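Understanding the architecture of this molecule
What follows is the residue order along each chain.
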Amino acid sequence: MLIIGMILFGVLVGAAAQLILGRSKSGIDWTLAFVAGIGGSFAGGLLISLLAGDGLNLRPSGIIGSLAGAIIVTAVWLWWKARAAAGAD
């Protein structure tokens, strides 16, 4: 049950990252939300939680780190996608 909760939290964080970056005009890309949410939450949330001394407990520092990590993953993905589209022209 914990794994399902973590996946759902990651997807929600990934969707929020897309909304923050203005991706909502064309709708939310749920595959990107899943990847950015899980990857960003793992990297950002774990790193910030450990640096703040909170350990692996669910704390605000981990939630903020998860969102920051998802925003970074989403921004890099959108940059890469735009770069690839510009190179194809």
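For the structure, check the block above.
The following refers to the structure shown. On a predicted model such as this, the values are computed, not experimentally measured, just so you know.

**Here's the deal with the overall build of the protein chain**
- Summing up its helical and strand segments, the protein chain has three helices and zero strands in all.
- Each helix and strand of the protein chain, ordered N terminal to C terminal, gives the series α-α-α.
- Expressed as a percentage of its 89 residues, the buried residues of the protein chain come to 27%.
- For the protein chain, the share of sequence-separated contacts (at least 6 apart) that also reach a separation of at least 24 residues comes to 57%.
- In the structure as shown, the protein chain presents an accessible area of about 5,900 Å², 76% of it carried by carbon and sulfur atoms.

**Details of a nonpolar patch on the surface**
- Judged by side-chain polarity, Ile3, Met6, Ile7, Phe34, Val35 and Ile38 come together as a nonpolar surface patch covering roughly 520 Å² of accessible area.
- Within the element layout of this structure, Met6 appears in helix H1 (residues 2-20).

**Some points on the environment of Val11**
- Looking at the secondary structure, you find Val11 in helix H1.
- In this structure the C-alpha to C-alpha distance between Val11 and Trp30, which are 19 residues apart in sequence, comes to 7.6 Å.
- Excluding residues within four positions of it along the chain, Val11 makes contact with Trp30, Ala33 and Phe34.

**Re the environment of Ile20**
- You can see Ile20 is positioned in helix H1.
- Residue Ile20 is classed as exposed on the basis of its relative accessible area of 53%.
- Residues Ile20 and Ile71, spaced 51 residues apart in sequence, show a C-alpha to C-alpha distance of 7.9 Å.
- Not counting chain neighbours up to four residues away, the residues in contact with Ile20 comprise Leu67 and Ile71.

**Some thoughts on the side chain of Thr74**
- Along the chain, Thr74 turns up in helix H3 (residues 60-88).
- Judged by relative accessible area, which is 0%, Thr74 ranks as buried.
- Residue contacts for Thr74: discarding those within four places in its chain leaves Ala17, Gln18, Leu21, Leu32 and Ala36.

Definitions and limits used
- Residues numbered from 1 in each chain as written.
- Predicted model: local features only at pLDDT ≥ 70, side-chain atom pairs only at ≥ 80, totals over all residues.
- Heavy atoms only, no water.
- Helix = DSSP H or I, 4+ residues; strand = E, 2+ residues; numbered from the N terminus.
- Buried < 20%, exposed > 50% of the residue type's maximum accessible area, 1.4 Å probe, protein only.
- Contact = heavy atoms within 4.5 Å.
- Areas by Shrake-Rupley, 256 points an atom, 1.4 Å probe, with all protein chains shown as cover.
- Patch = residues over 30% accessible without salt bridge, like charges linked within 9 Å, V, L, I, M, F, W, Y side chains within 5 Å.
- Salt bridge = Lys/Arg side-chain N within 4 Å of Asp/Glu carboxyl O.

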